[in-house]
Amino acid sequence: MKKLGLLVMLMLAMTACNEDEKEQAVNEVETKKIPKIEKQYGIILNDFEVIRDTIRSGDSFGYIMDQNGVDHGKVFEVSEKVKDTFNPARITAGKKYMILRAKDSAKTPQYFIYENDKINYTVVSIGDSIYAEKKKRPVTIKQREVSGVITSSLSEAMQAQGLSNLLVYELSNIYQWSIDFFKLQKGDQFKMIYQEKYIDDTIFAGIEKVDAAVFKHSDRPYYAFSYMTTDSVSGQASFYDEEAKALQSFFLKAPLNYSRISSRFTKRRFHPVQKRWKAHLGTDYAAPHGTPIVSTANGTVIASGYTSGNGNYVKVRHNGKYTTQYLHMSKRAVRNGQSVKQGDVIGYVGSTGLATGPHVCYRFWVNGKQVDPFRQNLPSAEHITDNLKDDYLNHIESIRAELDQIPYKSI
């Protein structure tokens, strides 16, 4: 009897196991039948044969289309219909693209998707309906805080923490009128509150903006707060200090009170002394002998000397981007290495060197290239007006407290 009971229990157990195996097999089949939906650029990729590639040097839209079976007539039609949104002639080597082809025997291309950058892309429909749409990937903004200390340079201070070099640019741009980054000292410290952009919450896509910063240089803290005034013409925020003063300085329109411009910046001028045609990479301001010449912006004198062509001259570096030079002085009033402020007298009008009469030749460099200062979009921010000052101070109160709570990093 016992043997019979054991046999029945064994048969029941085997039946249960078989049922479990059948159920597991059914589940596996069902899982295989439901493919994972892959969606990108707002399109379900499962519906197409997907080709991913990168624009190579020499590639054209027509060549890419030809390689994927689109005839020249269709390429022309597409180019004409979408040119207001997407210019096929301006695709750039190194940019990624995707072609979605129909899952049929002809494998006819239906979409061409061009990645303008990490965030922006263009979808070009090349099927029965031809159109182009500019779109953006979903971007999330994350607030970050950073504290650093200078050991040799600002870029090395950022790299030591694994931070983006974009922050070097942001910080340099904010303080370009307050701090000479060529004269940073070991032990200078900085703190920042800023926002980063991320695609799909994981892929870094750049700096959105800097909200606030403080740079302690030579034991003096330089605060900077982002604020957009209600009357901002550019529609962009500027940076101001804790007293609502603009961080950006501005260049004087001329290095002296002059009566007239005697010669402008030009690539071709007949030189009155050398008697030949040559470039004149400066602006001449005629003025009486002995008229004071002033520095047009804060900076450091990097040259104060004499040459046969320039006569007595002074050259001032204002920051890593801008440098000015003043030629043909009768007398120099500053020495090499001296710091000067906007409006400080640096010399006096004369006619030394290759000059026919008393004047100052004013020269202007941007990133090492001589340019016409009248054609430059120079910063000219103004302090916050009295009617906005209370709003500004209220605006920065909480973020300054947050900034001050970030501990300074030390060597």
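Residues numbered from 1 in each chain as written. Predicted model: local features only at pLDDT ≥ 70, side-chain atom pairs only at ≥ 80, totals over all residues. Heavy atoms only, no water.

> Report on the overall build of the chain, specifying residues and quantitative values.
Within the chain, the secondary structure is distributed over six helices and 24 strands. For the chain, with 411 residues in total, the buried portion stands at 41%. Of the accessible surface of the chain, which amounts to about 23,900 Å², a share of 49% is contributed by carbon and sulfur atoms. (Helix = DSSP H or I, 4+ residues; strand = E, 2+ residues; numbered from the N terminus. Buried < 20%, exposed > 50% of the residue type's maximum accessible area, 1.4 Å probe, protein only. Areas by Shrake-Rupley, 256 points an atom, 1.4 Å probe, with all protein chains shown as cover.)

> Now, about helix 3 (residues 72-82): what can you tell me, with residues and values included?
Of the residues making up helix 3, those classed as buried are Val75, Val78, Ser79 and Val82. Considered in projection along helix 3, the buried side chains sweep an arc of 100° and stay on one side of the axis. The exposed residues of helix 3 that point more than 90 degrees off its buried face are Phe76 and Lys81. The residue sitting at the N-terminus of helix 3 and contributing the capping side-chain oxygen is Asp71; that oxygen lies 3.1 Å from the backbone nitrogen of Gly73. (Arc of directions from axis to C-beta. Polar contact = N/O pair within 3.5 Å; in protein donor to acceptor, adjacent residues only side chain to side chain.)

> Residues and numbers for the sheet that holds strand 10 (residues 203-217), please.
Spatially, five strands are ordered 8-9-10-11-12 in an open sheet, and the strand pairing comes out antiparallel. Edge positions in the sheet fall to strand 8 (139-149) and strand 12 (238-240), since each has one partner strand and no second. Each strand of the sheet is rotated relative to its neighbour by a mean of 30°, with strand direction disregarded. The pairing of strand 10 with strand 11 (residues 220-227) spans six bridges and is classified as antiparallel. Paired with Lys216 across the bridge in strand 11 is Pro221. Against the sheet, helix 5 (residues 166-174) makes contact with strand 9 (189-199), strand 10, strand 11 and strand 12, and its axis sits at roughly 40° relative to strand 10, the strand it touches most. (Pairing = 2+ DSSP bridges. Axes fitted to C-alpha atoms, helices over the stretch in contact; angles between N-to-C directions. Contact = heavy atoms within 4.5 Å.)

> Explain helix 6 (residues 386-405) residue by residue, including any values.
In an α-helix, one turn spans 3.6 residues; hence positions three or four apart end up facing the same way. In this model, helix 6 (20 residues) spans 29 Å end to end at C-alpha, consistent with the 28 Å of a helix rising 1.5 Å per residue. The axis of helix 6 is deflected most strongly, by about 35°, at Glu397. Taken residue by residue, helix 6 has Leu388, Tyr392, Ile396, Ile399 and Leu403 as its buried positions. Considering only its buried residues, helix 6 is in contact with strand 9, strand 10, strand 11 and strand 12. (Expected span 1.5 Å × (residues − 1). Bend = angle between axes of the 7 residues up to and from the residue.)

> Please give an account of the pairing of strand 16 (residues 283-286) that cites residues and values.
What you see with strand 16 is no split at all: Thr283 and Tyr285 on one side and Asp284 and Ala286 on the other are buried throughout. As defined by bridge partners, strand 16 adjoins strand 23 (residues 359-366) across four bridges and the pair is classed as antiparallel. Within the sheet, the bridge partner assigned to Tyr285 lies in strand 23 and is Val360.

> Which residues make up the layout of surface pockets, and what are the values?
Which parts of space are left empty comes out when a probe the size of a water molecule is rolled across the atoms. The space that makes up the second largest pocket amounts to roughly 940 Å³. Every residue lining the second largest pocket is counted, 32 residues in all, and those nearest its centre are Trp177, Ser178, Arg220, Tyr222 and Asn298. Within the residue set of the lining of the second largest pocket, elements represented by two or more residues are strand 11, strand 18 (299-307) and strand 21 (339-340). The leading source of residues in the lining of the second largest pocket is strand 11, at four residues. In terms of residue class, the lining of the second largest pocket is built from 11 nonpolar, 11 polar and 10 charged. (1 Å grid on protein atoms, 1.4 Å probe; cavity = no way out; pocket = protein on both sides within 12 Å on 5 of 7 lines; lining within 4 Å. Points joined across faces, edges and corners; volume = space filled by probe spheres on them. Nonpolar A, V, L, I, M, F, W, Y, C, P; charged D, E, K, R; others polar.)

> Give a detailed account of the pattern of salt bridges, specifying residues and quantitative values.
What the rule picks out here adds up to 13 salt bridges. Here Lys107 and Glu49 are joined by a salt bridge, their closest N and O atoms 3.6 Å apart. Taken as a pair, Lys107 in the loop between strand 4 (96-102) and strand 5 (109-115) and Glu49 in strand 3 (residues 48-54) lie far apart in primary sequence, 58 residues in all. Take Lys107: its relative accessible area is 37%, and that puts it in the partly exposed class. Between Glu243 and Lys245 there is a salt bridge, and its shortest N-O distance comes to 3.6 Å. One network of salt bridges, with partners in common, ties together Glu49, Arg101 and Lys107. (Salt bridge = Lys/Arg side-chain N within 4 Å of Asp/Glu carboxyl O.)

> Explain the sheet that holds strand 5 to me, and be specific about the residues and the numbers.
If you trace the five strands from one edge of the open sheet to the other, you get 3-4-5-6-7, paired in antiparallel fashion. Of all strands in the sheet, those bounded by a partner on one side alone are strand 3 and strand 7 (130-136). Mean inter-strand twist for the sheet, computed between neighbouring axes without regard to direction, equals 15°. The strands touched by helix 3 are strand 6 (120-126) and strand 7; relative to strand 7, the strand with the most contacts, the crossing angle is about 55°.

Don't take any of this as a statement about function, it's just geometry.
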